[in-house]
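Residues per chain, in single letters:
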Amino acid sequence: KIVNGFDLIKYAKSNCYILPAFNTTNLEMTNAIVQGLARANIPGFIQISSNNLRLSHPKVITYLTNKALEKVDVPIALHLDHGRSFEDVKACVDAGFTSIMIDASHLEYEDNIKLVRKCADYCHFYNIPLEAELGTIKGKEEDIAHGDTDKTNPALVFDFVSRANCDLLAVAVGNVHGLDLEPELDLPLLEKISQVCPVPLVLHGGSGIPKEAILAAKKFNLVKINIASELRRKFISVFGEAYQEDTNAHDLISLSIEAQEEVASLVEEKALGLNEKR
Ligand code: G3H
Ligand code: ZN
């Protein structure tokens, strides 16, 4: 059963977990993430971005996630990642997602607050937590590229969170999306943010961040870390290598199972690594 996001965050806080949040794209990725978390016995999020929903539908994702969860008993919440609009937020809540992000970080400050507040009101009515973002994370997020970093301004954090009424805050502190750029975590900034932020923090761009840096960041009220690109690269590489070996390769079933297994192992390794010194 998909667990409620508030319950998951509370559980993580009281048991000192960092919750890994892995992005899914399809059936195999969904199975792999659930199996990897179950093998590690680490709670976490399975998430899908608004952009990725072009390939699917919130109800399909809820169905696949519930199916995959039938075989395991580790707590997992289903999260909308980088929600693009109130309409997407509503569609996912209505479909049974148990945690939501609205990413209005590209908007002007006051417009960001306004849209987050509207989504928070909707989510809270259904007892679902809402993540928002302040600042801009560099790199390529899905197909959307951001050239400039606009690090989260700690002077705005308290005002933003209290007026927008979000439950988690995604920050830009030198973390980057994708595998093309090197992340450089600004831990002093993260510390400053954590001192004024009334809610737990989220780190996007988890691919490529050494686990030591994440364990150091954990002290600063970090509860969730998003990881997508490393999983996708692993999945794709199985098909790429098979094709390179034999351009007539067409056993999609065996390759899909192999790719699923490879991703599950990576999920297990990541989830355990992030929670090593718990
Ligand atoms: O929201 C998703 C993430 O921030 C993933 O970033 O692809 O760099 O791991 P990543
Ligand atoms: Zn992200």
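One can find the structure itself at the top, above this paragraph.
One structure accompanies this document, and this report is about it. Predicted model, so just to flag it, every value in this text is computed and none were measured.

Here is what the cut-offs are and how they apply
Residues numbered from 1 in each chain as written. Chains lettered and ligands numbered in written order. Predicted model: local features only at pLDDT ≥ 70, side-chain atom pairs only at ≥ 80, totals over all residues. Heavy atoms only, no water. Helix = DSSP H or I, 4+ residues; strand = E, 2+ residues; numbered from the N terminus. Rg over C-alpha atoms; globule rule 2.2 N^0.38 Å. Contact = heavy atoms within 4.5 Å. Lys, Arg positive; Asp, Glu negative; His and termini not counted. Charge placed at Lys NZ, Arg CZ, Asp CG, Glu CD. Axes fitted to C-alpha atoms, helices over the stretch in contact; angles between N-to-C directions. Nonpolar A, V, L, I, M, F, W, Y, C, P; charged D, E, K, R; others polar. Near = heavy atom within 4 Å. Polar contact = N/O pair within 3.5 Å; in protein donor to acceptor, adjacent residues only side chain to side chain. Areas by Shrake-Rupley, 256 points an atom, 1.4 Å probe, with all protein chains shown as cover. Salt bridge = Lys/Arg side-chain N within 4 Å of Asp/Glu carboxyl O. Buried < 20%, exposed > 50% of the residue type's maximum accessible area, 1.4 Å probe, protein only. Donors = N, O, S within 2.8 Å, 3.2 Å for Na, K, Ca; no water. Core = buried A, V, L, I, M, F, W, Y, C linked by side-chain atoms within 4.5 Å.

So, on to the overall build of the chain. Secondary structure assignment for the chain yields 10 helices and 11 strands. In terms of C-alpha radius of gyration, the chain reaches 18 Å, essentially the compact-globule figure of 19 Å for 278 residues. Seen through its principal axes, the chain has C-alpha atoms that stretch 55 × 35 × 35 Å. The contacts in the chain between residues at least 6 apart in sequence include a share of 71% that link residues at least 24 apart. Looking at charge distribution, the chain has the averaged site of its 28 positive side-chain charges lying 5 Å from that of its 39 negative ones.

To continue, consider the packing of helix α5 (residues 109-125) against helix α6 (residues 154-164). In a pair of packed helices, the angle between the axes and the distance between the axes together describe the arrangement. Two numbers describe how α5 lies on α6: the axes approach to 8 Å, and their chain directions differ by 35°. Within the contact between the two elements, α5 uses Tyr109, Glu110, Asn112, Ile113, Val116, Arg117 and Ala120 and α6 uses Leu156, Asp159, Phe160, Ser162, Arg163 and Ala164. Split by residue class, the contact of α5 with α6 holds 7 nonpolar, 2 polar and 4 charged.

Neighbouring residues of ligand 1: 14 residues in total, closest Asp81, Gly178, Gly205, Ser207 and Ser229. The contact in question runs from an oxygen atom of ligand 1 to an N or O atom on the side chain of histidine 177, over 3.0 Å. In this structure, an oxygen atom belonging to ligand 1 sits 2.6 Å away from a side-chain N or O atom of serine 207. The fraction of the free accessible surface of ligand 1 (310 Å²) that becomes covered by protein chains is 96%. Broken down by secondary-structure element, the contributors of at least two residues to the shell around ligand 1 are β3 (76-83), β9 (176-177) and β11 (222-227).

The next point concerns the pattern of salt bridges. One pass over the structure, following the stated rule, counts 11 salt bridges. Residue arginine 163 is joined to glutamate 110 by a salt bridge in which the shortest nitrogen-to-oxygen separation is 2.6 Å. Remark: glutamate 110 occurs in helix α5 and arginine 163 occurs in helix α6; sequence separation between them is 53 residues. The residue glutamate 262 makes a salt bridge to lysine 234 at a minimum N-O spacing of 3.9 Å. Of this pair, glutamate 262 sits in helix α10 (residues 252-274) while lysine 234 sits in helix α9 (residues 229-245), and the two are 28 residues apart along the sequence. Judged by its relative accessible area of 33%, glutamate 262 falls in the partly exposed class. A single network of salt bridges, built from pairs that share partners, joins Glu110, Asp159 and Arg163.

In the first shell of the zinc ion (ligand 2), the protein supplies His82 (NE2), His177 (NE2) and His204 (ND1), at 2.1 Å from the metal. Between consecutive donors of the zinc ion (ligand 2), the numbers of intervening residues give the motif H-x94-H-x26-H. Of the two residues, histidine 82 sits in strand β3 while histidine 177 sits in strand β9, which places them 95 residues apart along the sequence. Considered together, histidine 82 and histidine 177 belong to a single accessibility category, that of buried residues.

Ranked by internal contacts, the top residues of the largest apolar core, which has 86 residues, are Ile100, Phe160, Leu169 and Leu231. Counting residues per element, this core draws most heavily on α10, which supplies 8 residues. Sequence-distant contacts of isoleucine 100, that is, excluding residues within four places in its chain, are made with His79, Leu80, Val89, Cys92, Val93, Cys123, Ile128, Pro129, Leu130 and Glu131.

Functional significance is not addressed by these values, which are geometric in nature.
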